Amino acid sequence: MYPRDHTTKWFTGQGLWSDVNKLEWDDWHWQLRNRLLTVDHLKQEMQLTQEEEAGCSSAKQKLLIAITPYYFNLIDKQDPDCPIRKQVIPRQQEQYIAPEERLDPVGEENTMPVEGLVHRYPDRVLFLVTSYCASYCRYCTRSRLVSNAQEYDFHPDYERAIKYIEHHTEIRDVLISGGDPLMLPDRKIEMLLKRLRSIPHVEFVRIGSRIPVFMPQRITPELCRILKENGPIWMSIHVNHPKECTIELKDACERLACSRVVLGNQSVLLKGVNDDVETMKSLSHRLLQMGVRPYYIYQCDLITGSSHFRTDPRKGIEIIEHLRGHTTGYGVPQFVIDAPGGGGKIPVNPTYVKEIRENEFVVRNFRHNEYIYPFSTEALVVEGCSS
Ligand SMILES: *Cc1c(COP(=O)(O)O)cnc(C)c1O
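A quick note: this is a predicted structure, and the numbers were derived from the prediction, not measured.

Thresholds applied
Residues numbered from 1 in each chain as written. Predicted model: local features only at pLDDT ≥ 70, side-chain atom pairs only at ≥ 80, totals over all residues. Heavy atoms only, no water. Salt bridge = Lys/Arg side-chain N within 4 Å of Asp/Glu carboxyl O. Helix = DSSP H or I, 4+ residues; strand = E, 2+ residues; numbered from the N terminus. Buried < 20%, exposed > 50% of the residue type's maximum accessible area, 1.4 Å probe, protein only. Contact = heavy atoms within 4.5 Å. Polar contact = N/O pair within 3.5 Å; in protein donor to acceptor, adjacent residues only side chain to side chain. Near = heavy atom within 4 Å. Areas by Shrake-Rupley, 256 points an atom, 1.4 Å probe, with all protein chains shown as cover. Nonpolar A, V, L, I, M, F, W, Y, C, P; charged D, E, K, R; others polar. Pairing = 2+ DSSP bridges. Phe/Tyr/Trp six-rings, centres within 6.5 Å; stacked < 30°, edge-to-face > 60°. Lys NZ or Arg CZ within 6 Å of the ring centre and 35° of its normal. Core = buried A, V, L, I, M, F, W, Y, C linked by side-chain atoms within 4.5 Å.

**Q** Before we go on, may I ask you to explain the pattern of salt bridges in this structure?
**A** Pairs may arise between side chains of opposite charge once their charged atoms sit close together. Inspection of every chain in the model, using the stated rule, returns 29 salt bridges. Between Glu53 and Lys43 there is a salt bridge, with its nearest N and O atoms 3.0 Å apart. Of this pair, Glu53 sits in helix H4 (residues 50-62) while Lys43 sits in helix H3 (residues 39-45), placing them 10 residues apart in sequence. Accessibility expressed as a relative area gives 35% for Glu53, which makes it partly exposed. The exposure class assigned to Lys43 is partly exposed, which follows from its relative accessible area of 41%.

Below is the structure:
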């Protein structure tokens, strides 16, 4: 079964590592051990542009370089504008810090009652459990702590965080993130899920992870058993481009779905990667085919050194405008701006309500045709039914 657009393929395979034993290739520990971590290693496998080489030189102080062999295979080595390449290979523009950019762009540090626990919304918390990922996204909103290049020395205190959640009975939803929670060993993931599940008021547990995209080999039978036993777990993966929708990712999503994991996707709107309608529409269609519901598109946070990725927020509105009504409703994510300073995620939408009058709404549809929806503010009285 092939997707409608034949411009990108589903299959990847072992590519550059075709001589590696298949059992090793499919072992996530092998993928981690064999990550590309240095500029020299990158240069052995591909020709870097001058911009990229300069970008690599500052990564040690900003956000480390790491690319799994599996994900590295998705890069078009001949194309400096490859959308996969831009996400993980640093460029010189990373060194430029725009005046509006911040180390903590969405104000997480001010709402952390315990190191690693962000309590911003009334009924839910963000639980950061590690600072490591399988690969590092160059636009990472938590680059202040992720990969520890900036010597943040992140030490999440699981015990204190869990105690806090136990004490705060208003918390009904825990979002486990990081770093990437699936970098933890199985036994730690199991311990965390079991502890959270044993708290009566915690009714919703979810994981934010890009590991299915960077290293689908991590979705092992043992991990699936743990997830299934503690399910349903909701999981937001992070796919930005249809090229990332490989058969390997599709299979990993299938294994997760069979383990009671409910899948959603969050994308970050990135200049030159996915900031056009056709790419995002194709991505949505691929996600639906993999059983993943597009959840959020984020306007790129004002993280230091990310201005080369940032789009005009009107682009996000334009993308939604061209999805809503034009394709499956399940395939239309919510475009949000995570408010600088800590206001939380704010939905940003095309305007469908043209005017609100005393007794009618003036609305328009996806074709820009106007309609009037009349309504009465009087209590509804049905003849013959009054008591
Ligand atoms: C994104 C986020 C959440 C979860 O938000 P939802 O809109 O419920 O997905 C919770 N806490 C923090 C701090 C967040 O940034």
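More follows now that the structure is in view.
**Q** How should helix H13 (residues 313-323) be read in this particular structure?
**A** Working note: α-helix, 3.6 residues per turn, so residues spaced by three or four point in the same direction. Buried residues of H13: Gly316, Ile319, Ile320, Glu321 and Leu323, and no others. On its buried face, H13 sits against strand E6 (261-269), helix H12 (277-289), strand E7 (293-299), strand E8 (334-339) and strand E11 (360-364). With a side-chain oxygen positioned 2.8 Å from the backbone nitrogen of Arg314, the residue opening H13 is Asp312. Once H13 ends, the next one or two residues include Gly325, with phi positive near 90°.

**Q** Sorry if this is basic, but what is going on with the site of the ligand here?
**A** In the vicinity of the ligand, the contacting residues are Val118, Arg120, Tyr121, Arg124, Leu126, Leu175, Arg206, Tyr295, Tyr296 and Lys345. In the environment of the ligand, an oxygen atom lies 2.7 Å from a nitrogen or oxygen atom belonging to the side chain of Arg124. Take Tyr295: an N or O atom from its side chain is 2.6 Å from an oxygen atom of the ligand. If the ligand stood free it would expose 390 Å²; the protein chains cover 90% of that surface. If you tally residues by element for the shell around the ligand, the top one is strand E1 (residues 117-121), at three residues. A per-class count over the shell around the ligand returns six nonpolar, no polar and four charged.

**Q** So what exactly am I meant to see when it comes to the pairing of E1 here?
**A** In summary, the side chains of a regular strand alternate between the two faces of the sheet. By the bridge criterion, three bridges tie E1 to strand E2 (residues 124-128) in an arrangement that is antiparallel. Bridge pairing in E2 places Leu117 opposite Phe127. Connecting E1 to the next strand, E2, in antiparallel fashion are two residues.

**Q** Help me understand the packing of aromatic side chains in this model?
**A** Each aromatic ring pair is specified by the distance between its two centres and by the angle formed by the two planes. This model, assessed by the stated rule, comprises 11 aromatic pairs. Each ring, one from Phe204 and one from Trp234, has its centre 5.1 Å from the other, and the planes form 45°; the classification is tilted. Taken as a pair, Phe204 in strand E4 (residues 204-208) and Trp234 in strand E5 (residues 233-237) lie far apart in primary sequence, 30 residues in all. Put simply, the rings of Trp17, Trp25, Trp30 and Phe72 pair up and form one aromatic cluster. The cationic tip of Lys77 hangs over the ring face of Phe72; the distance from NZ or CZ to the ring centre is 4.4 Å. Of note, Arg218 hangs over the ring of Trp28, and the distance from its end group to the ring centre comes to 4.0 Å.

**Q** Explanation requested: the nonpolar core in the structure shown.
**A** Buried together is how nonpolar side chains tend to be arranged in soluble globular proteins. If you look at the biggest cluster of nonpolar residues, it comprises 92 residues, and the most contacted ones within it are Tyr71, Phe127, Ile165, Val174, Leu227 and Met235. Tallying contributions element by element places helix H7 (residues 158-167) first for this core, with five residues. Once you skip the residues sitting within four places of it in the chain, Ile165 turns out to touch Leu117, Val125, Phe127, Ile171, Val174, Leu196, Ile199, His201 and Val202.

**Q** Sorry if this is basic, but what is going on with the side chain of Thr220 here?
**A** If you trace the backbone, Thr220 turns up in the loop between helix H9 (211-214) and helix H10 (221-229). Taking relative accessible area as the criterion, Thr220 reaches 18% and is therefore assigned buried. For Thr220, the side chain forms a polar contact with the main-chain nitrogen of Leu223, separated by 3.1 Å. When sequence neighbours within four positions are dropped, the list of residues in contact with Thr220 reads Trp28 and Asp186.

Purely geometric stuff here, so don't read any function into it on its own.
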